Every structure is written in C-alpha cells, then in structure tokens.
Amino acid sequence: MNIADQLSNVVEKTERLIELCAALQEENDLLKLESEALNVALKASTNKTKELEEKLRVLKLAKSFSETNEKSVDIKQKINDFVQEIDKCIVLLKK
C-alpha cells in the first residue's frame, strides 16, 4: 500500500467519523428535546397532583364539618327530647 492509498483510507475513515459524529449529535439533540418534554410533563403532573391533594384535603375537611354538624343536630335533638321528658316529669310531680 502506498502513501496515496493510506491517505485515501484515512480521509475515508475521517469522513465516516464525521458522519457518525453528526448522526450522534442529531440523536443527542432529539434526546434533549424529549427530555425537556418529559420534564415539562412531569412538572405539569406534579402540579396537578398537588392541586388534587389540596382538593382532597378540603373535601375531607368539609366532610368532617358536615359530620360534626349532623352529630351536633342529633345531640341538640336528643337534648330537646330530654328537656321535654323532664318537663313532663315536672308536670306529673306537681299534680
């Protein structure tokens, strides 16, 4: 193999390396774009999760208040019933 053939071989291999480097750079750029898109989607998902967790917290709080109100109404009704029974007993004792 003479010098011209060797030089041609080196040039050919260099061109292949340049093509490979360009292809890898293009793939790298696409992967960066995909990574950015996934990061945006993750951030949106995280925000939505936080929003839903806050709504759930508010709903649980509202439910606990509504249960307390129901219990409170039940207790008030029972107290009223007791007062009426006591009043009846007082009326009977006065007779």
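No experiment lies behind these values; they were computed from the predicted model shown.

Calculation criteria
Residues numbered from 1 in each chain as written. Predicted model: local features only at pLDDT ≥ 70, side-chain atom pairs only at ≥ 80, totals over all residues. Heavy atoms only, no water. UniProt positions renumbered as here; feature names shortened; annotations may be inferred. Helix = DSSP H or I, 4+ residues; strand = E, 2+ residues; numbered from the N terminus. Buried < 20%, exposed > 50% of the residue type's maximum accessible area, 1.4 Å probe, protein only. Salt bridge = Lys/Arg side-chain N within 4 Å of Asp/Glu carboxyl O.

Things to note about the UniProt feature "coiled-coil region" (unreviewed entry) in the chain
Piece 1. Under the UniProt annotation, the feature "coiled-coil region" (unreviewed entry) is placed at residues 14–62.
Piece 2. Between the first and last C-alpha atoms of residues 14–62 the distance is 71 Å; the span itself is 100% helix and 0% strand.

Describing the environment of aspartate 5
Piece 1. Relative to the helices and strands, aspartate 5 is located in helix α1 (residues 3–94).
Piece 2. For aspartate 5, a relative accessible area of 42% gives the class partly exposed.
Piece 3. Note: C-alpha distance between aspartate 5 and leucine 17 (12 residues apart in sequence) is 18 Å.

Brief notes about the pattern of salt bridges
Piece 1. In this structure the tally under the stated criterion is 5 salt bridges.
Piece 2. Here glutamate 54 ties to arginine 57 by a salt bridge, and the two come within 2.7 Å at their closest N and O atoms. With glutamate 54 and arginine 57 both in helix α1 and 3 residues apart, this pair spans about one turn of that helix.
Piece 3. What makes arginine 57 partly exposed here is its relative accessible area of 46%.
Piece 4. As a salt-bridge pair, glutamate 85 and lysine 88 come within 4.0 Å of each other at their nearest N and O atoms. Taken together, the residues span about one helical turn, with glutamate 85 and lysine 88 both in helix α1 at a distance of 3 residues.
Piece 5. Note on glutamate 85: relative accessible area 43%, which makes it partly exposed.

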